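Each chain, letter by letter, is given below.
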Amino acid sequence: SLLADEDEEPCTDLTASAAANGQQHADRLPLPAELNTQRAQIYFFKAIEAGWMSYSEGRFVWHGLTTKGALTQLAYFCGLVYECDYSDPDLGNRGKQLPAQALETLFSIKRLQSHLAQLYKAKSTQQWRAAIDALFQ
């Protein structure tokens, strides 16, 4: 059943309805161990529901909010998911380490870390950041 008691085996249902019901099962999305946190499960599902990301046939694909800057959006999103803090460009990352290599493999992309660092060095805040920030509130 989709509704499981805490001592039952976690469900592996990948439907959006399970996410919509707010269930917190650790293995809903097939993330590699290094990336599989409860926070990642929650926000990856929210991004899928928002249409920014999809999962099918064993692949995660980031579609982004807009086509321009989609990789930077993914970097920002992943930075928030994995609690990296680049808010002060002079200090670099003051948060947790971004599992960049694992994320690059997951999404079949390159240079995620440099996209994240660059976005915080931009002279003005990107307009799309507000939508991603709202997902985390």
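Look up a bit, the structure's there.
Residues numbered from 1 in each chain as written. Predicted model: local features only at pLDDT ≥ 70, side-chain atom pairs only at ≥ 80, totals over all residues. Heavy atoms only, no water.

A. Looking closely at the side chain of arginine 129. Along the chain, arginine 129 turns up in helix H6 (residues 129-135). One buried charged side chain, arginine 129, makes no salt bridge at all; its nearest oppositely charged neighbour is aspartate 133, positioned 5.2 Å away. Excluding its chain neighbours within four sequence positions, the residues that come into contact with arginine 129 are Tyr76, Leu119 and Tyr120. (Helix = DSSP H or I, 4+ residues; strand = E, 2+ residues; numbered from the N terminus. Buried < 20%, exposed > 50% of the residue type's maximum accessible area, 1.4 Å probe, protein only. Lys, Arg positive; Asp, Glu negative; His and termini not counted. Salt bridge = Lys/Arg side-chain N within 4 Å of Asp/Glu carboxyl O. Contact = heavy atoms within 4.5 Å.)

B. Quick peek at the pattern of salt bridges. Using the criterion set out here, one finds one salt bridge in the structure. Ionic pairing is found between lysine 96 and glutamate 83, a salt bridge with its closest N-O pair at 2.9 Å. In this pair, lysine 96 sits in the loop between helix H3 (70-81) and helix H4 (100-107) while glutamate 83 sits in the loop between H3 and H4, placing the two residues 13 residues apart along the sequence. Classification of lysine 96 as partly exposed rests on a relative accessible area of 48%.

C. Structural context of the environment of glutamate 83. Classification of glutamate 83 by relative accessible area gives partly exposed; the value is 37%. Linking glutamate 83 and lysine 96, residues 13 residues apart in sequence, is a C-alpha distance of 5.6 Å. Setting aside its immediate chain neighbours within four residues, glutamate 83 contacts Arg39, Gly95 and Lys96. A polar side-chain atom of glutamate 83 sits 2.9 Å from a polar atom in the side chain of lysine 96. (Polar contact = N/O pair within 3.5 Å; in protein donor to acceptor, adjacent residues only side chain to side chain.)

D. Quick peek at the pairing of strand E2 (residues 59-62). The alternating pattern of E2 places Phe60 and Trp62 on a buried face, while none of Arg59 and Val61, on the opposite face, is buried. Here strand E1 (residues 53-56) runs beside E2; their pairing, made up of four bridges, is antiparallel. By the bridge assignment for E2, serine 56 is matched with arginine 59. Turn length for the E1-E2 hairpin, with the two strands adjacent in sequence and antiparallel, is two residues, and the turn residue glutamate 57 shows positive phi of about 50°. (Pairing = 2+ DSSP bridges.)

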